[in-house]
Amino acid sequence: MSGARPETPEELHMLAGEYVLGVLGSAEMGAVDERAPVDPQLAHAIAGWERRFAPMLTAVAAVAPPDGLWARIEHAKAQAVDGRQRATAPPRLTVVPSTAAPPPAEPAWQRPAATRRIWPWKAATGASLALAAGLAAFMLMPSLAHRTEAPMPGGRDVAFVALLAQPESPAAPHQDASAQMASDTGLARLVEPQPASSTESAPEAARMTGFLVAVWPDGTVVLTALSPVPLPGGKTLELWIQPPGATAPKSVGKLAAAGQQTTLPAMPVDGTSLSISLEPLGGSPTGAPTGRVVYAGTLRQVRR
Amino acid sequence: MDHPAARNDSAVSLATLIAAVAGGDDAAFRRIYDLRASRLFGIALRITRQGPLASDAVQEAFLQLWRNANRFDEQRGDPDVWLASLVRYRALSMMRRSGREVSDEGLPEAVDDEPDQLARMEASSEAAALRACLDKLPPDRRTLLTLAFLDGLSHGELAARLHVPIGSVKSWIRRSLQSLRVCLEGEA
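Residues numbered from 1 in each chain as written. Chains lettered and ligands numbered in written order. Predicted model: local features only at pLDDT ≥ 70, side-chain atom pairs only at ≥ 80, totals over all residues. Heavy atoms only, no water.

1. Re the overall build of chain A
Selection rule: By definition, any uninterrupted DSSP run of H or I lasting at least four residues is a helix, any uninterrupted run of E lasting at least two residues is a strand, and each is numbered from the N terminus. Burial classification: accessible surface area is computed with a 1.4 Å probe over protein chains only, and a residue below 20% of its type maximum counts as buried, one above 50% as exposed, and the rest as partly exposed. We call two residues in contact when some of their heavy atoms are within 4.5 Å.
When you go through chain A residue by residue, the secondary structure sums to 7 helices and 9 strands. Counting over 304 residues, chain A shows a buried share of 54%. Within chain A, contacts between residues at least 6 apart in sequence are counted, and of these 71% link residues at least 24 apart.

2. Concerning the interface of chain B and chain A
The following threshold applies: Put simply, buried area is the surface a 1.4 Å probe can reach on two separate parts but cannot reach once they are joined, added for both. Put simply, a salt bridge is a Lys or Arg side-chain nitrogen that is within 4 Å of an Asp or Glu carboxyl oxygen. Two N or O atoms form a polar contact when they lie within 3.5 Å of each other; inside protein one atom must be a possible hydrogen donor and the other a possible acceptor, and for residues adjacent in sequence the pair counts only when both atoms belong to side chains. Note on residue categories: nonpolar means Ala, Val, Leu, Ile, Met, Phe, Trp, Tyr, Cys or Pro, charged means Asp, Glu, Lys or Arg, and polar means any other residue, Gly included.
Contact with chain B, which involves 76 residues of that partner, is made by 66 residues of chain A. Looking only at chain B, the three residues that lose the most surface to chain A are B:Tyr89, B:Arg97 and B:Arg181, adding up to 11% of its buried area. Inspection of the chain B/chain A interface yields 5 salt bridges. Between A:Lys77 and B:Asp26 there is a salt bridge, with its nearest N and O atoms 2.4 Å apart. Where chain B touches chain A, the interface holds 16 residue pairs in polar contact (both at pLDDT 80 or more). Class assignment of the residues belonging to the side of chain B that touches chain A gives a composition of 35 nonpolar, 19 polar and 22 charged.

3. A word on the packing of aromatic side chains
Rules: Whether two aromatic rings pair depends on their centres lying within 6.5 Å, for rings of Phe, Tyr and Trp, where Trp uses its six-membered ring; planes under 30 degrees apart make the pair stacked, over 60 edge-to-face, and the rest tilted. Whether a charge lies above a ring is judged from NZ of Lys or CZ of Arg, which has to be within 6 Å of the ring centre and within 35 degrees of the ring normal.
Within the structure shown, the criterion is met by 10 aromatic pairs over all chains. Ring centres 5.4 Å apart and planes at 20 degrees place the aromatic pair A:Trp49 and A:Phe53 in the stacked group. Of the two residues, A:Trp49 and A:Phe53 both sit in helix H3 (residues 40-53), 4 residues apart, roughly one turn of that helix. Ring plane angle 50 degrees and centroid distance 5.0 Å describe the contact between A:Trp70 and B:Tyr33, whose orientation is recorded as tilted. Residue A:Trp70 is located in helix H4 (residues 69-81), and its partner B:Tyr33 is located in helix H3 (residues 26-48); the two belong to separate chains. Take A:Trp70 and B:Tyr33: they sit in the same class, and that class is buried. Every member of this aromatic cluster is reached through a ring pair, and the members are A:Trp70, B:Phe29, B:Tyr33, B:Phe62 and B:Trp66. Stacked on the ring of A:Trp49, the Lys or Arg A:Arg52 has its end atom at 4.6 Å from the ring centre.

These figures come from the coordinates and say nothing about function on their own.
As structure tokens, this is what we get:
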């Protein structure tokens, strides 16, 4: 793992206390944000300090927010709820700090678990998977371009794409599809991949489930279920990321079965693996996948 | 104004509202804004000292509430603690990114000269316990904690503000945190 972990529980509590107090610098805060989701003890210590210090906040005078703030929130929410709403970009009433071009990432341990459907996608057959995925990415792009208020540093185009498919199904076509999406500048002009397998009957081979993944240059990631994902009772999906060479996957957070928009803890590189496992409703209790990996795939950089 | 009871009265319904938001209830989302936007904006403004930045922090916190409402029950007991945390981290993150930590510009006014910043704290038992434990700290250490937690000053800003080495600030804060934890855990 990265960095030296505090050796004693006391040091862990001190780190959590400093984080909650807000005295850490940007890099130190970021390090805690990265670590907390995979370190339940740290997350628990943070929650403890938040609870202890919370009464102090009642000493802060309430101040009425400016008129128009609610309208801004509603507008931003509407865009987050349904990517198809092509509303005009919200009025930019304020400025962000000049050094803060990308929207700040949420603390990772607070992240996950939106239940809203980003894109209600109906079943896509295997034969048209690449086309469907490309089309989805193409259609998601304009809506996502409207989504953020701050300009994206790397432009508004998708930086990485992946298709997460069932590991037990033939992997090659999906890899091909990811690579092809990445290399195709048009994204929607995709050709069909090779047939998945000649040994399976056509309808079975064509019935695909999985997730289309698109990552934007600011770390925003949109996962879209290609067809309804069957979830056993008492289970939830959890998304994991593993850069090439990393020894273990890190949790990105729980994932709604229909897909969702979230933020990656760090920008991926070409070849970064994503996987989705079945976990208890509260998410993995250990910080590592505890259930079956139901979908997996590799992010490919889009080259223009 | 100072109606501490009002917060407690609505605490139960706030949790219910968050649960409704998790189910996509727009009206509940609006209701939470009506109930808490002023409080959260006050918290953000105290840290950012700039209305536009405070607005951004509150907006992002509410979007996070909308996206993550279904996560609330699992990890947080008190809905107000959760909401306040959302907005505080957004505001702190903005301030760190804007580079205030390396500049004196935009530092809060000398609010620490006020005799008792925490006089307006609510009258709950949790607040009383925290208050009692804070009062056991030397006054300057208490000031450090309020400047950090309420005003969002970093280690570096506190050092510049108090004209002491950053190492001293760090060790004072750690010792204060240790005392507070022993004190509060002991009373629980």
